[in-house]
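Here's the letter readout for the chains.
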Amino acid sequence: MKRLMLGNEAVARGAYEAGVRVASSYPGTPSTEITESIAEYDEIYAEWAPNEKVSLEVVCGSAIAGARSICAMKHVGLNVAADPLFTASYTGVNGGLVIVVADDPGMHSSQNEQDSRNYARAAKLPMFEPSDSQESKDFVKEAFAVSEEFDTPVLVRLSTRISHSRGIVELKDREEVDLKDYKKDFEKYVMMPAMGRKRHLVLEKRMGSLKDFADKTTLNRIEWGNKRIGVISSGIAYQYAREAFSDASYLKLGMVYPLPDKLISEFADKVDKLYVVEELEPFFEKHIKTMGIKVIGKEKLPITGELSAEIIKDKMLNENSNTNKPFKNELPLRPPVMCPGCPHRGTYYVLGKLGLTVTGDIGCYTLGALPPAQSMDTCICMGASIGMAHGMEKARGKDFARKTVAVLGDSTFMHSGVTGLIDIVYNQGNSTVIILDNSITGMTGHQDNPLTGYTIKGEVTKQVDLVKLAEAVGIERVRIADPFNLKEFEVVVQEEVQAAEPSVVIAQRPCALLKEVNYEGVLEINTDKCVDCKLCMSLGCPAIVDKGDHMEVNEALCVACMLCTEVCPANAFEKAGDSNE
């Protein structure tokens, strides 16, 4: 049977067919659908972990216990999971362990543009990279076989285009893989220095075996064509290269670390001119040049952003494509905005009005940095907002702290904000933290988290109480406020930033896109009442439109959240139809 599948769905299918028993992840675009799809298979235990480090630790445990296990994360999530990653390379596995990492060239939904192949080299782990949905499934299955054969975790690298493109996938039955026997072996699994030194030697020996495997595996293959031009590539870049170079010869690398030196040399010897086509870092190129082989690569291609067939043709073959010509009429800019009814809009309106310094975080609410709100000063990584606010206070004093707040979402707080809050209490800080509790993990598509009371499979579970948690770590001032009650919310924020001790404000209102949120009707502007002050535009609601000579509500976007009625001094916003009654 064949099915059209996203690359992420195909990864999940590969895990299912490979007999995986345990999956643990934290959602992060472009990897989120992998674990969501895995959760649809009843044969696999699946969970959302609080963060990527925990998810990797969970599957390390289940793999050592003898079960084939998988976790998935985006590239910056691998940074969070780096601590267990490097040591898991030393311990090895028992049941197979596969770690899927989805890179984001072009930064469609990420704060940086890193190349996870460098993690494979640094942690000394094998890495595979598929170039379509079928390979996404097949490579995951092969990764489990390699993991168990070589006693190692295996990394599988995707990119946004592979994760979110669809392709035909041939489905097969699930292979029921028995649990491997668990044997107590502290010299293998307890990484104290004495054992770690021995395991490092095992690791180096394993890498030698994996290099031999790289030259033999069918994951790496030569596709002979015209030998005047040879191209070495992998993943989505291989697809672009095929389109750009047409009848050239190709060395397609499915195993991108360790690299197949013998195969590379054989290929290079038989072509007249050799190109390396890869997105982001010159990972292949640098290695091949150290082998004494001349290649053309990043001196022609950009080191940033995504590639395309047009870019390759233009930069490497000097073939200008019509698609690269600018439009005669420039398209209007369409910056991302918070959705109509977004609960964060009220928070940022108040923070902007108060002129506070706002250390921010990763999530939908990062959009608060953009006009018209412009109410976020910093954003670095998950959970960083709290530590940064504390650092600003220690650098500039308590008076500065009284003009500063840290802002982060409920899921982000559970991911890595709790420890920052503990740091403030322990080190006698005075910062105010605003937790934007919208009842869901919003930006990645409404995944449950420890605060929602449901698991990834929809099962009812214990629900973390934010108030009790804050109090448990030593916060004595905890306030809950509705960010759509602007007057009350402003008073709460003013009181807390002026307090002589650290505090937490929980801005509590659910995401407007949740199915249980029932805003009804649409609003319209009574032109007889409107004084054209344009204060409503300061909300940044996409449903409110300035037509130049009058203000208007776009009925297709309005959800009647009523926030605009809180700022309009003329009471001009009314439910559609009310003014005619």
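Each chain carries its own residue numbering, running from 1 in the direction its sequence is written. A pLDDT threshold of at least 70 governs which residues receive local features in this predicted model, and a stricter bar of 80 or more applies before side-chain atom pairs are shown or counted, although totals over entire chains, interfaces and linings include all residues. Here the side-chain values reflect all heavy atoms present in the structure, with hydrogen atoms and water set aside.

(A) Inspection of unusual backbone geometry at higher detail. The amide bond that connects Tyr257 to the next residue, Pro258, takes the cis arrangement and shows omega of -10°. Secondary structure counts use DSSP, requiring at least four H or I residues in a row for a helix and at least two E residues in a row for a strand, with both numbered from the N terminus. Structurally, Pro258 is set in the loop between β12 (255-257) and α12 (261-269). The omega angle of the peptide bond from Pro371 to Pro372 is 5°, so this bond is cis rather than trans. Within the secondary structure, Pro372 is located in the loop between β14 (357-359) and α16 (384-396). Of note, Ser246 is a non-glycine position whose phi angle comes to about 60°, a positive value. For Ser246, the location among the structural elements is in the loop between α11 (235-245) and β11 (248-253). Positive phi outside glycine occurs at Ser439, with the angle close to 70°. Ser439 gets classed as partly exposed once you look at its relative accessible area, which sits at 34%. The buried label goes to any residue with under 20% of its type's maximum accessible area, the exposed label to any with over 50%, and the partly exposed label to all in between, with areas taken from a 1.4 Å probe on protein chains only.

(B) Molecular detail of the layout of surface pockets. Throughout, the protein atoms alone are placed on a 1 Å grid, and a set of points is a cavity if a 1.4 Å probe fits but cannot get out or a pocket if it is open with protein on both sides within 12 Å along at least five of seven lines; lining residues have an atom within 4 Å of a point. Grid points are joined across faces, edges and corners, and a volume is the space filled by probe spheres set on the points. There is about 740 Å³ of room inside the largest pocket. Lining the largest pocket we find 39 residues, and of these Ser109, Ile362, Gly363, Met382 and Met443 sit closest to its centre. Elements supplying a minimum of two residues to the lining of the largest pocket: α4 (75-80) and α18 (410-426). The element that contributes the greatest number of residues to the lining of the largest pocket is α18, accounting for five residues. Under the scheme applied, nonpolar residues are Ala, Val, Leu, Ile, Met, Phe, Trp, Tyr, Cys and Pro; charged residues are Asp, Glu, Lys and Arg; polar residues are all the others, including Gly. Class assignment for the residues of the lining of the largest pocket results in 15 nonpolar, 21 polar and three charged.

(C) Here's a closer look at the packing of aromatic side chains. Side-chain rings of Phe, Tyr and Trp (the six-membered ring for Trp) are treated as a pair once their centres are within 6.5 Å; stacked means planes under 30 degrees apart, edge-to-face means over 60, and tilted covers the remaining angles. In the structure shown here, the tally under the stated rule is nine aromatic pairs. Between Tyr238 and Tyr250 the ring centres are 6.2 Å apart and the planes differ by 85°, which places this aromatic pair in the edge-to-face class. Within this pair, whereas Tyr238 is found in helix α11, its partner Tyr250 is found in strand β11, the two being separated by twelve residues in sequence. When its relative accessible area of 1% is taken as the criterion, Tyr250 is described as buried. Three or more aromatic residues joined by ring pairs form one cluster here, namely Tyr257, Phe283 and Phe284. Across from the ring centre of Phe284, 4.8 Å away, lies the NZ or CZ of Arg117, which sits over that ring. Charges are assigned to positions over rings by a cutoff of 6 Å between ring centre and Lys NZ or Arg CZ, combined with an angular limit of 35 degrees from the ring normal.

(D) Main features of the nonpolar core. In this structure, Ile70, Phe245 and Val277 are the most contacted members of the largest nonpolar core, which totals 96 residues. Working rule for contacts: check all heavy atoms of both residues, and any pair within 4.5 Å makes them a contact. Excluding its chain neighbours within four sequence positions, the residues that come into contact with Val277 are Val231, Ile232, Ser233, Ser234, Ala237, Ala241, Phe245, Leu301, Leu307, Ile312 and Met316. Residues Leu351, Val433, Ile506 and Leu563 belong to the second largest nonpolar core, which totals 61 residues. What we call a nonpolar core is a set of buried Ala, Val, Leu, Ile, Met, Phe, Trp, Tyr and Cys residues that are connected through their side-chain atoms within 4.5 Å.

(E) Structural view of helix α13 (residues 283-290). Among all positions in α13, only Phe283, Phe284, Glu285 and Ile288 are buried. Looking at the buried residues of α13, the elements they touch are α6 (117-123), β10 (226-233), β11, β12, α12 and β13 (273-277). Downstream of α13 by a residue or two, Gly292 has a phi angle that is positive, lying close to 85°.

(F) Geometry of empty space enclosed by the protein. Under the criterion given, the structure shown has four cavities of 30 Å³ or more. Considering the residues around the largest cavity, the lining is formed by 17 residues, among which Cys541, Ile544, Cys558, Cys561 and Cys564 are closest to the centre. Within the lining of the largest cavity, the residues separate by chemical class into 15 nonpolar, one polar and one charged. Approximately 90 Å³ is the volume found for the second largest cavity. Lining the second largest cavity are 14 residues; nearest its centre among them are Cys530, Cys533, Cys536, Cys568 and Phe573. Across the lining of the second largest cavity, the residue classes break down as twelve nonpolar, no polar and two charged.

(G) Broad picture of the pairing of strand β17 (residues 477-481). In terms of strand pairing, β17 meets strand β18 (residues 503-508) through five bridges, oriented parallel. Opposite Val478, over in β18, you have Val504 as the bridge partner. Tracing the backbone out of β17, into helix α20 (residues 486-498) and back to the parallel element β18 gives a crossover that is right-handed. Only strands that DSSP links by at least two bridges are regarded as paired with each other. The crossover handedness rule: strands pointing away from the viewer, path from first strand over the helix to second strand clockwise, crossover right-handed.

(H) Summary view of the packing of helix α7 (residues 133-150) against helix α10 (residues 193-216). Axis separation between α7 and α10 bottoms out at 11 Å; the angle between their running directions is 140°. When the interaxial angle is binned, α7 and α10 end up oblique. Here α7 and α10 pass one another in a crossing that is right-handed. Contacts from Glu142, Val146 and Phe150 of α7 reach α10 at Arg206, Ser209, Leu210 and Phe213. Counted by class, the contact of α7 with α10 contains four nonpolar, one polar and two charged residues. A fitted line through C-alpha atoms represents every axis, and for helices the fit uses only the stretch in contact; the resulting angles, taken between N-to-C directions, go from 0 to 180 degrees. Here roughly perpendicular refers to angles of 65 to 115 degrees, roughly parallel to angles under 35, roughly antiparallel to angles over 145, and oblique to all remaining angles. Left-handed describes a crossing whose near helix is turned anticlockwise from the far helix through less than a right angle; right-handed describes the clockwise counterpart.

(I) Seen up close, the sheet that holds strand β16 (residues 432-437). The strand order β14-β15-β16-β18-β17 describes an open sheet built from five strands, whose pairing is parallel. Strands at the two margins of the open sheet, each flanked by one partner only, are β14 and β17. Adjacent strand axes in the sheet meet at a mean angle of 25°, parallel and antiparallel pairs treated alike. Where strand β15 (residues 404-409) lies against β16, five bridges are found, and the strand directions are parallel. Among the inter-strand pairings, Gly409 is bridged to a residue of β16, identified as Leu436.

(J) Focus on the packing of helix α1 (residues 7-17) against α7. It is the contact of α1 with α7, at a shortest axis distance of 7 Å, that shows an interaxial angle of 30°. In terms of orientation, α1 lies roughly parallel with respect to α7. In this structure, the crossing between α1 and α7 has a hand that is right-handed. Where α1 abuts α7, its residues Gly7, Ala10, Val11, Arg13, Gly14, Ala15 and Glu17 lie against Ser133, Ser136, Lys137, Val140 and Lys141. Taken together, the residues that form the contact of α1 with α7 break down as four nonpolar, four polar and four charged.

(K) Looking closely at α10. For a helix, the expected span equals 1.5 Å multiplied by the number of residues minus one. Along its 24 residues, α10 runs 35 Å from first to last C-alpha, staying within 8% of the 34 Å computed at 1.5 Å per residue. Every buried residue of α10 is accounted for by Met195, Gly196, Arg199, Leu203, Arg206, Met207, Leu210, Phe213 and Ala214. Where the residues of α10 are buried, they touch α5 (82-91), α7, α9 (186-189), β9 (220-223) and β12.

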